[in-house]
Amino acid sequence: MMRRKNLHYYDIWVYFFTVKYHICLILFLLFLLMQIFRPYYVDELVHTIQQAHSKLIFLHGGRWSWKTTILKQILSDHSLSQKKYYFSFEDEIVAKKFKNADDFKWYMQIKYGINFYENNILLLNEIQYSKNFINVLEELLQDSEINTIIIVTGIIQQQSEEYQKILSWGKTTTITIHPLWFFDFLQYKNIHTTYLTLDNPSQIMFREIQTLLDEYLIWGWYPEVIKATTSDRKEHQLKAIIQKVYDKDVGFYFNGEEILVFQDLMEQLCHNSMQWFKYKTVAQELEISIPLLKRYINFFNDNCLIETLSYFYTNKTKELSHQETILIGDMGIFSYMTGNFGSKLHNIVAIKNFVYNEIVKNLWEHEQCFTYQKINNSKIDFIIQHEDGTLTPIIVSESNTNKPAKIFKWFHKVYGDRVRQYIKTTPL
């Protein structure tokens, strides 16, 4: 039996190791938090700044994709020698009333003492709250003597003439901030995926991570949702994301009864996820005008809640053309809007969303992703068109066999000389 004196020393050692354990745990959690910050976006942004080819950098992404966090990482990045300034349009009412570039420069000089002709970095958050600010940015780009690099975030209307005009100036870079994709999600869960690759798939590893894939498909890919440890908390975070979009952005871009369309239209799109889409049909079902529907589609796109995917089409016969497929970027939004939090591992729509998002996040700069459908409705879910014009068709099938899809045979007859490889993916 241990003596009382020894027990006293034993208690001290237990206390020491307990404190040490908690310190290690805190450090480990901070490490995980850094991982979920996606430092590769910071690296990409730093690289773009150092290249000095761009005077204006857009950080594009939906709410809660941690664009602001990335801005603040840049603000404290010691590898960048320039003076850095941070300003949020959401915080200051006067910032919403800039008339032109001179007005903006004067305000920034008074507030921060910024000299725009020196080599500085200006970080601007939530620029959508200044309605005229895209025009201000265009004027700044036209001034060849300005040396300050401007980095902006906000829900940019990417289809607008103003935005497209800015891109045409050639000194603008857009970096899209995606929610976590699956392999980052696994890393965050402390699952190392070194041996799980497309060239060396491990069935044992797949079985081990099956429950994690379920969590990923059901609850979504937003960092805040992934961090939540209970289903109630995850659902609360998803609700908060949608509510923030509704409160801040829908009310900002739409007026009166137009605002009331948001909930019904999001539910409609979620229920029709991964299906072809006709504006006229949906507009009739919701009893709204087609112009309003198109404005909402663009709005959802800008907020990264959905994707629109065009059909791959040539002058070959028996193909559909000039239609669009609406894809829900299902970062848990599908689950929240439809109230379906059941298992999705064998849900073909969930798998298609998963495959599509993994494709998009890993496309090279000059590659494109399309869908493909014949007039008899047989289809290839995704076609990657590579920079050299070659194609990689991908089909998502409920059949867990190695038998090639019939449409692959037809497609090969027509496009076989352009095809790199055929890919069939299944829930297992």
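Residues numbered from 1 in each chain as written. Predicted model: local features only at pLDDT ≥ 70, side-chain atom pairs only at ≥ 80, totals over all residues. Heavy atoms only, no water.

### Here we look at the overall build of the protein chain
Looking only at helices and strands, one finds 17 helices and twelve strands in the protein chain. Counting contacts in the protein chain only where the partners sit at least 6 residues apart, residues at least 24 apart contribute 71% of the total. Accessible surface, the protein chain: about 23,000 Å² in total, of which carbon and sulfur atoms supply 52%. (Helix = DSSP H or I, 4+ residues; strand = E, 2+ residues; numbered from the N terminus. Contact = heavy atoms within 4.5 Å. Areas by Shrake-Rupley, 256 points an atom, 1.4 Å probe, with all protein chains shown as cover.)

### Here's the deal with the side chain of Q237
Summarising the element assignment, Q237 is placed in helix α11 (residues 231-253). Those residues in contact with Q237 that sit more than four places away from it in its chain are W64, E224, V225 and A228.

### Focus on the pairing of strand β3 (residues 120-125)
When you tally the buried positions in β3, you get six out of six residues, the bulk of the element. Both faces of β3 are covered, namely the face carrying N120, L122 and L124 and the face carrying I121, L123 and N125. Bridge count between strand β2 (residues 83-88) and β3: six bridges; the pairing is parallel. Among the inter-strand pairings, S88 is bridged to a residue of β3, identified as N125. Pairing of β3 with strand β4 (residues 149-153) involves four bridges; the strand directions are parallel. For L124, the partnering residue across the bridge sits in β4 and is V152. (Buried < 20%, exposed > 50% of the residue type's maximum accessible area, 1.4 Å probe, protein only. Pairing = 2+ DSSP bridges.)

### Quick word on the nonpolar core
Residues I151, Y296, F300 and F382 are the most contacted members of the largest nonpolar core, which totals 83 residues. By size, the runner-up hydrophobic cluster in this structure holds 28 residues, among which are I127, Y129, V136 and I146. (Core = buried A, V, L, I, M, F, W, Y, C linked by side-chain atoms within 4.5 Å.)

### Here's the deal with the pairing of strand β8 (residues 324-328)
Of all five residues in β8, four are buried; the element is thus mostly enclosed. Both strand β6 (residues 275-277) and β8 contribute to a ladder of three bridges, which runs antiparallel. Within β8, the residue paired with F277 across the bridge is E324. As paired elements, strand β7 (residues 306-310) and β8 share five bridges and run antiparallel to each other. Bridged to E307 within β8 is L327.

### Some words on the confidence of the model for the protein chain
A residue-level look at the protein chain finds 85% of positions with pLDDT of 70 or above and a mean pLDDT of 82. Here residues 1-17 is modelled with pLDDT under 50, and outside its nearest four sequence neighbours on either side it reaches two contacts, counting other chains as well. (pLDDT = per-residue confidence, 0-100.)

### Side note on the packing of aromatic side chains
If you walk through the whole model with that rule in mind, you get 39 aromatic pairs. In textbook terms, an aromatic cluster arises when at least three aromatic residues are bridged by ring pairs, as seen for Y85, F87, F89, F98, F104, Y107, Y112, F116 and F133. Over the ring of Y112 we find K111, and its NZ or CZ is 5.6 Å from the ring centre. The cationic tip of K294 hangs over the ring face of Y279; the distance from NZ or CZ to the ring centre is 5.2 Å. (Phe/Tyr/Trp six-rings, centres within 6.5 Å; stacked < 30°, edge-to-face > 60°. Lys NZ or Arg CZ within 6 Å of the ring centre and 35° of its normal.)

### Focus: the sheet that holds β7
Strands in a sheet are paired, the pairing made by backbone hydrogen bonds, and the direction either parallel or antiparallel. If you trace the three strands from one edge of the open sheet to the other, you get β6-β8-β7, paired in antiparallel fashion. Looking at the sheet topology across the chains shown, the edges are occupied by β6 and β7. The sheet shows a mean angle of 40 degrees between the axes of neighbouring strands, direction not considered. Of the strands in this sheet, β6, β7 and β8 are in contact with helix α14 (residues 290-302), which crosses β7 at around 110 degrees. (Axes fitted to C-alpha atoms, helices over the stretch in contact; angles between N-to-C directions.)

### Focus on unusual backbone geometry
With a phi angle near 60 degrees, E126 is a residue other than glycine that sits in the positive phi range. In this structure, E126 sits in the loop between β3 and α5 (133-142). The phi dihedral of E287 falls on the positive side, at around 60 degrees, and the residue is not glycine. Mapped onto the elements of the fold, E287 is located in the loop between α13 (279-286) and α14. Relative accessible area serves as the criterion here: at 73%, E287 is assigned to the exposed category.

### Brief notes about the environment of E358
Relative to the assigned elements, E358 resides in helix α16 (residues 348-361). Measuring from C-alpha to C-alpha, the distance between E358 and F182 comes to 7.6 Å, with 176 residues separating the pair along the chain. With residues near it in sequence (within four places) discarded, E358 still touches W181, F182, F183 and Y216.

### Overview of helix α4 (residues 101-112)
Compared with the 16 Å implied by 1.5 Å per residue over twelve residues, the 16 Å span of α4 between its first and last C-alpha is a close match. For α4, every residue scored as buried is listed here: A101, F104, K105, Y107 and M108. For α4, the buried positions fall inside an angular range of 160 degrees around the axis, keeping them on one side. Away from the buried face of α4 by more than 90 degrees, exposed residues D102, W106 and I110 are located. (Expected span 1.5 Å × (residues − 1). Arc of directions from axis to C-beta.)

### Description of the sheet that holds strand β1 (residues 56-60)
Taking strand neighbours across the sheet as the criterion, the five strands line up as β2-β3-β4-β1-β5 in an open arrangement whose pairing is parallel. Looking at strand neighbours, the two that pair on one side only are β2 and β5 (172-176), the edges of this open sheet. Looking at each pair of strands side by side, their axes are set apart by 15 degrees on average, direction ignored. Strand contacts of α4: β2 and β3, with the helix running at about 110 degrees to β2, the strand carrying the most contacts. Packed on one face of the sheet, helix α6 (residues 161-168) meets β1 and β5 and runs near 115 degrees to β5.

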